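Letter by letter, the chains look like this.
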Amino acid sequence: MPFIADRDLITLHPPLFREVSYLSQTLFRGIAKVQGGQVMAISGTFSAAVKPGHVVQLGEIALEIIAVVNSTTLNVSMPRSDATAAVIAPADTGNLTATIATFDPQIGVVHAQVLRMLGLEPSQGMIDESSPGEASVLNPRDLAPVEAMGVLHLIYTSAAAPLGDGNTLAARAEHYRDRFAQERWRARAIIDTDGDGRADAVRSMSVGTLRRGA
C-alpha cells in the first residue's frame, strides 16, 4: 500500500486538481451537493473505485473523502494537515459540478521507486530477512512526505514536458524536485526484518532519480 493518497497531495498543493486534472484518472463526473457533512450525488453514481483518501472537487472546493457510505453518498472533510486529525465538516452547498479524479497511477510509480531506494521489495510479503518487503516498514507515515514530494515532482514534470523550459509548470516541477531531495536525505524507514513486529533496522534512501512511468 502506498504511504500517501490524493488527500496528502492537496494538503501540500491545494490547486493540484485545478491545474493538472487532465493527467489524472476521472472516477466520477456529475452534479452533487454537500449536506450535513456528506457529499450527495444528484446526478450519476460513484464508481466502485472511489475510496477514502480520494478527493472530490465541487466547484472550487476540494474535499477529502473519509468514507464511502453508498453509491450516492460520501462522508467528507475539509482538507486536514494529517489524515488522523479530527474531521472538519464543510458547509452545506447547493448543487455543484462535482468531479472525483485520482493520481493513483503516479502514486503507485513513485511508491515502488521509494521502496527500491530504501532497498525494499515492492510487495506485501517478506522474501527473507535480507529482502524485506513494504509490509516490514513500521513507520509508513514518516515516509509520506518524501513520497508526496516525489509524486508532485512526477506530475508537474509530465505536465511541463510539452511546454518547454521557462513555464510555470516547469518551475513547480523544479520546486518539488528540490523538496524531494531534501526529504530523501531526511527519510528513515524503521524495518522489522523477522516479522515479530519490532524494529530490527533503520534504512535511509539511496541516491536515485525518479522516473516517469511507462
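Up top is the structure.
These lines cover the structure that appears in this document, whether it is placed above or below. These numbers were taken from a predicted model, which means no experiment stands behind them.

The next subject is the side chain of Asp-8. Residue placement: Asp-8 occurs in helix H1 (residues 6–12). Overall, Asp-8 belongs to the buried group, its relative accessible area being 9%. A distance of 2.8 Å separates the side chain of Asp-8 from the side chain of Arg-7, its partner in a polar contact.

This next bit is on the pairing of strand S5 (residues 73–77). Counting buried residues along S5, 4 of its 5 residues qualify, which places the element largely inside the surrounding structure. By the bridge criterion, 3 bridges tie strand S2 (residues 38–43) to S5 in an arrangement that is antiparallel. Each bridged residue has a counterpart across the sheet, and for Val-39 the counterpart in S5 is Leu-74. Here strand S4 (residues 61–70) pairs with S5 via 5 bridges, running antiparallel. By the bridge assignment for S5, Val-68 is matched with Leu-74. Turn length for the S4-S5 hairpin, with the two strands adjacent in sequence and antiparallel, is 2 residues.

Turning to the packing of aromatic side chains, a few remarks are in order. Scanning all chains against the criterion turns up 3 aromatic pairs. Consider the rings of Phe-17 and Phe-103, whose centres lie 5.1 Å apart with planes at 40 degrees: the pair is tilted. Note that Phe-17 is positioned in helix H2 (residues 16–20) and Phe-103 in the loop between strand S6 (96–102) and helix H3 (104–117), a separation of 86 residues in sequence. For Phe-17, a relative accessible area of 8% corresponds to the buried category. Phe-103 gets classed as buried once you look at its relative accessible area, which sits at 0%. Both rings, one in Tyr-156 and one in Tyr-176, keep their centres 6.3 Å apart while their planes meet at 20 degrees; by these two values the pair is stacked. With Tyr-156 in helix H4 (residues 144–160) and Tyr-176 in helix H5 (residues 168–186), this residue pair connects regions lying 20 residues apart in the sequence. Judged on exposure class, the residue Tyr-156 and its partner Tyr-176 are both buried.

Volume-wise, the largest pocket comes out at about 460 Å³. Looking at the largest pocket, it is lined by 24 residues, and the ones nearest its centre are Met-1, Pro-2, Phe-3, Ile-4 and Ala-5. Listing elements by their share of the lining of the largest pocket, those giving two or more residues are H1, S4 and H3. Broken down by element, the residue count for the lining of the largest pocket peaks at 3 residues, all from S4. For the lining of the largest pocket, the residue count by class is 13 nonpolar, 3 polar and 8 charged.

Moving on: H5. The first and last C-alpha atoms of H5 sit 27 Å apart over 19 residues, in line with the 27 Å expected at 1.5 Å per residue. Among the residues of H5, Leu-169, Ala-173, Tyr-176, Phe-180, Glu-183 and Arg-184 are the ones counted as buried. Buried residues of H5, seen end-on, are gathered within an arc of 100 degrees and therefore sit on one face of the element. For H5, the exposed residues set more than 90 degrees away from the buried face come down to Thr-168, Gln-182 and Trp-185. Of the residues that open H5, the one with a side-chain oxygen 3.0 Å from the backbone nitrogen of Leu-169 is Asn-167.

Thresholds applied
Residues numbered from 1 in each chain as written. Predicted model: local features only at pLDDT ≥ 70, side-chain atom pairs only at ≥ 80, totals over all residues. Heavy atoms only, no water. Helix = DSSP H or I, 4+ residues; strand = E, 2+ residues; numbered from the N terminus. Buried < 20%, exposed > 50% of the residue type's maximum accessible area, 1.4 Å probe, protein only. Polar contact = N/O pair within 3.5 Å; in protein donor to acceptor, adjacent residues only side chain to side chain. Pairing = 2+ DSSP bridges. Phe/Tyr/Trp six-rings, centres within 6.5 Å; stacked < 30°, edge-to-face > 60°. 1 Å grid on protein atoms, 1.4 Å probe; cavity = no way out; pocket = protein on both sides within 12 Å on 5 of 7 lines; lining within 4 Å. Points joined across faces, edges and corners; volume = space filled by probe spheres on them. Nonpolar A, V, L, I, M, F, W, Y, C, P; charged D, E, K, R; others polar. Expected span 1.5 Å × (residues − 1). Arc of directions from axis to C-beta.

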